[in-house]
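Breakdown of the fold
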Number of protein chains: 2
Amino acid sequence: VKRIVDYSLYLVTDRDLSLGRPIEQVVESAVRGGVTVVQLREKNCSTREYIELAKRVLSILKPMNIPLIINDRVDVALAVGADGVHIGQSDMPYKEARRIMGEDAIIGLSVETFEQAIEAETLDADYLGVSAIFSTPTKTDIANEWGLDGLRKLRAQSRHVLIGIGGINPTNAKAVMEAGADGLAVVSAICSTPDPEQVSRQLSTIIKTELKERKRL
Amino acid sequence: VKRIVDYSLYLVTDRDLSLGRPIEQVVESAVRGGVTVVQLREKNCSTREYIELAKRVLSILKPMNIPLIINDRVDVALAVGADGVHIGQSDMPYKEARRIMGEDAIIGLSVETFEQAIEAETLDADYLGVSAIFSTPTKTDIANEWGLDGLRKLRAQSRHVLIGIGGINPTNAKAVMEAGADGLAVVSAICSTPDPEQVSRQLSTIIKTELKERKRL
């Protein structure tokens, strides 16, 4: 049975942006502050290193019942027993990932254009990563900047859980939620701050306030 | 049920060493010349590109009943339905790969030192890639050069199918077989020659002659 996941504050790790700290340290701090789901994203390491790192992060998250999602690598997710994978447009095609991972796995999909988002409507993806909401130094290869207007339009047309990513931080988090995001994914705002716990708590409060407001309406 | 595989002439692809030709072209030529198994090895491409290339190569090999083995990436092997994976010492640990791929998959393991080879005796690997027999410009990160003496010693102690790799070409192929290899893996001798079919045929003849001789004794 598929677990119910709180996608509201979604940390995406980046070793290079973590001020030299181990990923595990950033993750531990961030979950204390209220991060609800963690995606491990590694691009330049061996399969074995990726697996070893994923096992260490999983051992932090599992006791807290916070899901671990692996970027791109279905093999790493299967090897460590992660909760799912996040796939971009140059990763494994969604249908093959679903077939391999099974019905109960979490599979999220990055959508960088409206066309990709419409195509994703036919898929049973668990969420869409709407990338990038704002342009950001983290990802220089982005095809598109959705902006708040783009997100609002997508919200009106998509049946999926929408997670905004790209340039999100405490100063604009409320606006992204108001534009229709179900959750916010954050890289540098949490990884690159001296106190990930504190920024996570700030973001968590903004999100919870907005979700409460939404329920009231 | 696990298929019976002829590992005697084992091509490992290398896009960068293929004189600008597509991998598919080298593979087609090489199998015409007698290559019995193909390992697709890609290091610097996206998961999607790796999958697409693997599908194209599989469509060449499948009608000829020649197995396709994927280097490192269990996810790519599962996505395309390849026959197996080849894993090195910095790839997924063998036991995890076996668990994910299942009993019937081919799983080969690189051993670079005697210590690694002894450790591999406890595993049900389908073959060991004994790497590198001779030092070679293809792999600059090798931990050890086995040489013919090293291979001979390993042959005396290992129960596994042993495939020599590293610097093997028609001038030294007979010597490597005589030192106890069950098959020869080749990268640049086939990928970097203008006529892969012709070199493959040369190597195939040398190997078959030696295997016939071995049976006679």
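Residues numbered from 1 in each chain as written. Chains lettered and ligands numbered in written order. Predicted model: local features only at pLDDT ≥ 70, side-chain atom pairs only at ≥ 80, totals over all residues. Heavy atoms only, no water.

1. A look at the packing of aromatic side chains
Residue and element names in this part refer to chain A. One pass over the full model with this rule turns up six aromatic pairs over all chains. Consider the rings of Tyr10 and Tyr127, whose centres lie 5.5 Å apart with planes at 65°: the pair is edge-to-face. One end of the pair, Tyr10, is in strand E1 (residues 9-12); the other, Tyr127, is in strand E6 (residues 127-131), and 117 residues separate them in sequence. A residue is classified by how much of its surface remains accessible, and Tyr127, at 1% relative accessible area, is buried. Three or more aromatic residues joined by ring pairs form one cluster here, namely Tyr7, Tyr10 and Tyr127. (Phe/Tyr/Trp six-rings, centres within 6.5 Å; stacked < 30°, edge-to-face > 60°. Helix = DSSP H or I, 4+ residues; strand = E, 2+ residues; numbered from the N terminus. Buried < 20%, exposed > 50% of the residue type's maximum accessible area, 1.4 Å probe, protein only.)

2. Focus on helix H6 (residues 147-157) of chain B
Residues and elements named next belong to chain B. Of the positions making up H6, those classed as buried are Gly147, Gly150, Leu151 and Leu154. Along the long axis of H6, the arc covered by the buried residues comes to 100°, so they all point the same way. Exposed residues pointing more than 90 degrees away from the buried face of H6 are listed as Asp149, Lys153 and Ala156. Those residues of H6 that are buried are in contact with helix H5 (114-120), strand E6 (127-131), strand E7 (162-165) and helix H7 (173-178). (Arc of directions from axis to C-beta. Contact = heavy atoms within 4.5 Å.)

3. Examining the interface of chain B and chain A
Tallying the contact residues gives 20 residues for chain B and 20 residues for chain A. Carbon and sulfur atoms make up 49% of the area that chain B and chain A hide from each other, which totals about 1700 Å². For chain B, the biggest contributors to the area lost against chain A are Arg48(B), Asp75(B) and Met92(B); these three give 30% of the whole. In this structure, the connection of chain B to chain A is made through four salt bridges. On inspection of chain B and its partner chain A, the count reaches 16 residue pairs in polar contact (both at pLDDT 80 or more). Broken down by secondary-structure element, the contributors of at least two residues to the side of chain B that touches chain A are helix H2 (47-61), helix H3 (74-80) and helix H4 (94-101) of chain B. When the residues that make up the side of chain B that touches chain A are grouped by side-chain class, the tally is seven nonpolar, five polar and eight charged. (Buried area = accessible area lost by both parts, 1.4 Å probe. Salt bridge = Lys/Arg side-chain N within 4 Å of Asp/Glu carboxyl O. Polar contact = N/O pair within 3.5 Å; in protein donor to acceptor, adjacent residues only side chain to side chain. Nonpolar A, V, L, I, M, F, W, Y, C, P; charged D, E, K, R; others polar.)

4. A few points about the pairing of strand E3 (residues 68-71) of chain A
Sheet faces and side chains relate simply in a regular strand, where the side chains alternate between the two faces. Residues and elements named next belong to chain A. The side-chain alternation of E3 yields two buried faces, one formed by Leu68 and Ile70 and the other by Ile69 and Asn71. In this sheet, E3 lies alongside strand E2 (residues 37-40) in parallel orientation, the contact comprising three bridges. What sits directly across from Leu40, in E3, is Ile70. With respect to chirality, the unit in which E2 leads through helix H2 (residues 47-61) into the neighbouring parallel E3 is right-handed. Across three bridges, the pairing between E3 and strand E4 (residues 84-87) is parallel. Along E4, the bridge assignment pairs Asn71 with His86. Assessed by its sense of winding, the connection that carries the chain from E3 through helix H3 (residues 74-80) to E4 is right-handed. (Pairing = 2+ DSSP bridges. Right-handed = clockwise from strand over helix to strand, strands pointing away.)

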